[in-house]
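# Breakdown of the fold
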Amino acid sequence: MATLSAITPIEYLKGVGPQKADVLKKELQVFTIGDLLEYYPFRYIDRTQFNKIKDLHPDLIGAQVLGRLTGLQEVGEKRAKRLVGQFKDETGILELVWFQSIAWLKKSLKVGSVYIAYGKPNEFKGQLSITHPEMDLYNAQEKRIGNLTMQPVYSSTEKLKKFNLDSKGIQRLQETALETIYRTLQETLPPYILEQQQLMSYQKAMLSIHFPEHINDLNAAIKRLKFEELFFIQMRLLRNKQLNTLKYKGHRFGQVGDRFNTFFNEQLPFPLTNAQKRVIREIRSDTNTGAQMNRLVQGDVGSGKTVVALMSMLLAIDNGYQACMMAPTEILAQQHFAGISDLLGTGLCNVKLLTGSTSTKDRRIIHKELEEGSLDILIGTHALIEDKVQFKNIGFVVIDEQHRFGVEQRAKLWRKNVIPPHMLVMTATPIPRTLAMTLYGDLDISVIDELPAGRKPIKTVHFFENQRLRVFGFMRDEISKGRQVYVVYPLIKESEKMDLLYLEAGLENLQKEFPLPQYHISIVHGKMSVKDKDFEMQRFVKGETQIMVATTVIEVGVNVPNASVMIIENSERFGLSQLHQLRGRVGRGAEQSYCILMSGNKLSKEGKTRLQTMVRTSDGFEIAEVDLQLRGPGDISGTQQSGVLDMKIANLATDQALLAQARELVIKIFKEDPHLTLEKNQLLLTQINQQTPGISWDKIS
Ligand code: ADP
Ligand code: MG
């Protein structure tokens, strides 16, 4: 038989038949022997450290107890059915509880045997317990693979366990895999990088990650593998960026013309902030290079992204191009249209709005003007992407709220001209640097990190349900001063019916407290028709209603400067970035604004941290950082569909320093050797060509 290697299908590994291969593929996406080796332990049991039962307390995150299982009973019925074990060491007794896999556990756990139990201690009425502990049979005489003091633990599933692939089973496979292909494992990083970064060799790292002999070995292996993963992700991203610059010519905006200048000198009602000026300068210099611009502008709510977008579009028009701006919702598109028309005044350029509800007649006019070239700026929703929308010569595209649009939609806009237009992507969801470097690593990033002068910071407070009367009183005060109030309810798909009931009950309550004819209330939620929503929204915008009861449809971008109070009901149910977005709806005028977070008395630890963070700070980047720490990178809004975050070992929440190091190195390498032609970088060239077949590096250079 030919030599086995990392790319050999997993079924050829000794001990893996077709059935095991099948379940490994389905459950773990392990297709080759190499895939198996990259299925790393998720933690290690330190065989030298045990907790005594008498020392356990509920504040411990995890505990490892060596003891004897002295009893095992099934108790309770139906949903309360559980398996309870008694676990003893020389210092006390501990209860072990399982709610799932009871039948299987009853068969496999042996009363009278000594185990290592691992899990989080709880305390209930003075009784210590661990729910769903991991159980590991302890046998002092048992020959351990490699005699490890750090025992790896692999996560497994019910199905895998049926094929004897519990953590131990997987470990045995890893041993076979390493024995079989160890010699064929190739180094992936050139010697000069290993040396500079002080990294362990690939071979040694693969061995140590699965069979660490010492904690220092293990740490070195983890560092090496994390670095490698982050390094190649950055390598791919930055190479793509470089390829785009080489491949796509860009429209050259060589001059600043009449419209830009007239707007700046005669129309602009406020001085630009330094941050706005800086970003406009960055855009101007990008669009004058002859390459296509792909730039992300991150700026907190209210930082004034719209005017930056508008001035960029004017620059395009001055150079003979058309521009468009796409927003994720109809309300937002309308607001952009209204806001931009307002800023521009009449006569400077021809601006139109295109959404799903634009009439056929208006649509025809728009299509015609676009093709003739007499329409300068088109603002709209997804409707802009449709094939029927053809520009005479589009040169600049603005996408607001990036994370709602996919890469595919971005690409469609690219194709609206022979030479793709410059792309400016704006997001009001600040994301931590590490995440930005990875998610948008192939874009240039600008940050508007300054709010327009004169804004008063929003006062944020957290109130419990029993303080509601005070809240009503406060609302009355603010309304009597001529202000307007938002009251926002969660509306989540899974609990939609209940949520709508809450909202209705809340609305009824408000209608009693704030009766007609003195008070008027708008209501907007996702279940209403676009027309009704718009009508209600407009009443609030015009000031005909004082209170706006809404679900999160108002989250993004809506701008009513006179609204000074944001009340968020059940605020503990919102994510941090959502809370931050909602709060950004107020504080847009000159008045002192307030955000009131309402919640029930019972708060989870995480919920409490979220609300405390909101009260403590209004810095979007700081909030995003806390969010990343709380939830991990996979759950941050907008990152779910993004493949780049499927990491095998690195973690963007905890490996920020390593990521920065890796990216810095990649930038340095490309600067010194843009086409990777130097001898010392040949290994890298081979690696990235292997990782991204399809594109051939050589063709470009
Ligand atoms: P966002 O970045 O959230 O999209 P907007 O562009 O909607 O913010 O701007 C928020 C408000 O601030 C708007 O009313 C806008 O006219 C105003 N604004 C923008 N830039 C400035 C500035 N430099 N000085 C004063 N007000 C500004
Ligand atoms: Mg905006």
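Scroll up for the structure.
If you're wondering where the values come from, they're calculated on a predicted model, not measured in any experiment.

## Comments concerning the site of ligand 1
For ligand 1, the set of nearby residues contains 16 residues, the closest of which are P271, G302, K305, T306 and R455. P271 is positioned such that a nitrogen or oxygen atom in its backbone is 2.9 Å from a nitrogen atom of ligand 1. Here an oxygen atom of ligand 1 sits 2.6 Å away from a polar atom, N or O, in the side chain of T306. Relative to its free-state accessible area of 560 Å², ligand 1 is covered by the protein chains to the extent of 80%. Grouping the amino acids of the shell around ligand 1 by side-chain chemistry returns five nonpolar, seven polar and four charged.

## Remarks on the sheet that holds strand β13 (residues 377-380)
Ordered in space as β12-β13-β11-β14-β15-β10-β16, the seven strands form an open sheet in which the pairing is parallel. Of all strands in the sheet, those bounded by a partner on one side alone are β12 (351-354) and β16 (444-448). Sheet twist, expressed as the mean angle between neighbouring strand axes with direction ignored, is 20 degrees. Strands β11 (322-326), β12 and β13 of the sheet are contacted by helix α13 (residues 360-372), whose axis makes an angle of about 130 degrees with β12.

## Description of the packing of aromatic side chains
Evaluation of the coordinates by the stated rule reveals nine aromatic pairs. Each ring, one from F253 and one from Y321, has its centre 5.3 Å from the other, and the planes form 45 degrees; the classification is tilted. One end of the pair, F253, is in the loop between α8 (215-247) and α9 (258-267); the other, Y321, is in the loop between α11 (305-318) and β11, and 68 residues separate them in sequence. Given a relative accessible area of 3%, F253 falls into the buried group. Residue classification places Y321 among the buried positions, given a relative accessible area of 14%. Here the aromatic rings of F253 and F396 are separated by 6.4 Å at their centres, their planes lie at 40 degrees, and the arrangement is tilted. Linking F253 in the loop between α8 and α9 with F396 in strand β14 (residues 394-400), this pair joins segments that are 143 residues apart in sequence.

## Things to note about the side chain of N681
Here N681 is to be found in the loop between α22 (656-672) and α23 (682-691). Judged by its relative accessible area of 0%, N681 falls in the buried class. Those residues within four positions of N681 in sequence are excluded, and the remaining contacts are Y192, I669, D673 and L676.

## Some remarks on unusual backbone geometry
If a residue is not glycine, its phi is most likely negative; likewise, a peptide bond is most likely trans. A cis amide bond links L516 with the next residue in sequence, P517, at an omega value of 0 degrees. Positionally, P517 belongs in the loop between α17 (496-513) and β19 (521-524). The backbone of Q29 shows a phi angle near 55 degrees, a positive value even though the residue is not glycine. Within the secondary structure, Q29 sits in the loop between α1 (18-28) and α2 (33-37). Phi at H132 takes a positive value of approximately 45 degrees, unusual for a residue other than glycine. Structurally, H132 is set in the loop between β7 (127-131) and β8 (134-137). The class of H132 is partly exposed, set by a relative accessible area of 34%.

## With respect to the sheet that holds strand β21 (residues 563-568)
Hydrogen bonds along the backbone pair up the strands of a sheet, which may run parallel or antiparallel. One open sheet accounts for six strands, arranged β17-β22-β21-β18-β20-β19; its pairing is parallel. Either end of the sheet is taken by a strand with one partner, and the two such strands are β17 (459-464) and β19. Within this sheet the neighbouring strands show an average axis-to-axis angle of 20 degrees, counted without direction. As judged from the six bridges shared by β17 and strand β22 (residues 594-599), these two strands associate in the parallel manner. Within β22, the residue paired with T460 across the bridge is C595.

## Focus on the nonpolar core
Within the largest apolar cluster, 56 residues are counted, with the highest numbers of intra-cluster contacts made by F227, F231, M235, L378 and L684. The element contributing the most residues to this core is α8, with eight residues. Apart from the residues lying within four places of it in its own chain, the contact partners of F227 are L189, I193, Q197, L199, L658, Q661, A662 and L665. If you look at the next biggest cluster of nonpolar residues, it comprises 37 residues, including L272, Y321, V351 and V398.

Criteria and thresholds
Residues numbered from 1 in each chain as written. Chains lettered and ligands numbered in written order. Predicted model: local features only at pLDDT ≥ 70, side-chain atom pairs only at ≥ 80, totals over all residues. Heavy atoms only, no water. Near = heavy atom within 4 Å. Polar contact = N/O pair within 3.5 Å; in protein donor to acceptor, adjacent residues only side chain to side chain. Areas by Shrake-Rupley, 256 points an atom, 1.4 Å probe, with all protein chains shown as cover. Nonpolar A, V, L, I, M, F, W, Y, C, P; charged D, E, K, R; others polar. Pairing = 2+ DSSP bridges. Helix = DSSP H or I, 4+ residues; strand = E, 2+ residues; numbered from the N terminus. Axes fitted to C-alpha atoms, helices over the stretch in contact; angles between N-to-C directions. Contact = heavy atoms within 4.5 Å. Phe/Tyr/Trp six-rings, centres within 6.5 Å; stacked < 30°, edge-to-face > 60°. Buried < 20%, exposed > 50% of the residue type's maximum accessible area, 1.4 Å probe, protein only. Core = buried A, V, L, I, M, F, W, Y, C linked by side-chain atoms within 4.5 Å.

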